Amino acid sequence: MAGIIKFFGKLNNGLNRLTVITVAIAVIAVAGAVIWSLHALRNSGLSIGSDGTIDCTPTIVDRLQNIGQWEFLAISDEEIIDTIRTGFFSDDELVRIYYGTLRLGIDLRDCSEEWIRTEKDTIYVTIPEVRLLDYNFIDEAKTRSFFETGKWSNADRKAMYEKARDIMMKRCLTKENTDIAQANAQEQIARMLQPIAAPKTVKVIK
């Protein structure tokens, strides 16, 4: 049994790797939504008056917020989770491999009512802090048992799933990763709005 555990330890070290993929717009559907929104904003006649206010109609705000979730960082992880049940004559063991992709981003529907404001020659856009967009990030279709002895219930497998999810979140949802995603969010949203706001400058803040 010690040899098996040692083997799994080495295997776990090999599999516990993170692949951090910084994406401008990770999902084609989101990219299409952004392009559509930019086109719609231009056609809606967004204007900036001489009094320093931005003419942002409810329709324009709705179109922006209807983009919904916008992903700015995807983190892939693999985890080996094992559990041992001690028996009188022998021990039962279950080892499963879990694969997950944690997607960090914002939901524009979470923006406050006054999330766009103008001060002198600068338009300030306040966005929410980035967060995990979907807590069901483990790909259950890829999950498989690597080693199994004895009989295990659905409740046992559920507990292992929850353990894998907790480990992935602790490993991936670091300050470094959230800072990267937040910086990406501010850069990409500013780039989207700048052509509309010109000659004023767009500054995206959280």
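Keep in mind it's a predicted model, so treat the numbers as computed, not measured.

Asks: Any chance you could explain helix H5 (residues 175-197) here in plain terms?
Replies: In an α-helix, one full turn covers 3.6 residues, which means residues spaced three or four apart are oriented alike. Here H5 is 23 residues long and its end C-alpha atoms lie 32 Å apart, about the 33 Å a rise of 1.5 Å per residue gives. Considering bend angle alone, the principal kink of H5 is centred on Arg191 and spans about 30°; proline Pro195 follows within four residues of it. Inspection of H5 places Asn177, Ala181, Gln182, Asn184, Ala185, Gln188, Ile189, Ala190, Met192, Leu193, Ile196 and Ala197 among the buried residues, and these make up the whole buried set.

Asks: Honestly, the pairing of strand S6 (residues 116-119) in this entry has me stumped. Any pointers?
Replies: In regular strands, side chains alternate between the two faces of the sheet. The alternating pattern of S6 places Ile116 and Thr118 on a buried face, while none of Arg117 and Glu119, on the opposite face, is buried. Where S6 and strand S7 (residues 122-126) come together, four bridges link them in antiparallel fashion. From the neighbouring strand, Ile116 faces S7, where its bridge partner is Val125. Counting the residues in the hairpin turn of S6 and S7 gives two residues, including Lys120, whose phi is positive at 55°.

Asks: Is there a simple way to explain the confidence of the model for the protein chain in this structure?
Replies: Reading fine detail from the predicted coordinates is not recommended where pLDDT is low. Per-residue confidence for the protein chain gives a mean pLDDT of 75; residues scoring 70 or more make up 67%. When mean pLDDT is compared element by element in the protein chain, strand S8 (residues 131-132) scores highest at 96, while strand S1 (residues 19-22) scores lowest at 38. The low-confidence segment residues 1-8 (pLDDT under 50) makes nine contacts with residues lying over four places distant or belonging to another chain. Low pLDDT, under 50, characterises residues 14-32; the predicted model gives this stretch 43 contacts beyond four residues in sequence or across chains.

Asks: Hey, could you run me through the nonpolar core in this one?
Replies: Within soluble globular proteins, side chains that are nonpolar generally end up buried alongside one another. Residues Tyr98, Ile106, Leu108, Val125, Ile189 and Val202 are the most contacted members of the largest nonpolar core, which totals 38 residues. Listed by contribution, the elements that provide at least two residues to this core are strand S4 (69-85), strand S5 (92-107), S7, helix H4 (154-172), H5 and strand S10 (201-205).

Asks: What is the right way to read the pairing of S5 from this model?
Replies: Extensive coverage of S5 is indicated by the burial of 13 of its 16 residues. Here S4 runs beside S5; their pairing, made up of 16 bridges, is antiparallel. The residue of S5 that forms the bridge with Arg85 is Asp92. In terms of strand pairing, S5 meets strand S9 (residues 144-148) through four bridges, oriented antiparallel. Across the sheet, Leu94 pairs through a bridge with Glu148, a residue of S9. Sheet analysis places S5 next to S8, joined by two bridges and oriented antiparallel. Its bridge partner being in S8, Leu104 is matched across the sheet by Leu132.

Analysis parameters
Residues numbered from 1 in each chain as written. Predicted model: local features only at pLDDT ≥ 70, side-chain atom pairs only at ≥ 80, totals over all residues. Heavy atoms only, no water. Helix = DSSP H or I, 4+ residues; strand = E, 2+ residues; numbered from the N terminus. Expected span 1.5 Å × (residues − 1). Bend = angle between axes of the 7 residues up to and from the residue. Buried < 20%, exposed > 50% of the residue type's maximum accessible area, 1.4 Å probe, protein only. Pairing = 2+ DSSP bridges. pLDDT = per-residue confidence, 0-100. Contact = heavy atoms within 4.5 Å. Core = buried A, V, L, I, M, F, W, Y, C linked by side-chain atoms within 4.5 Å.

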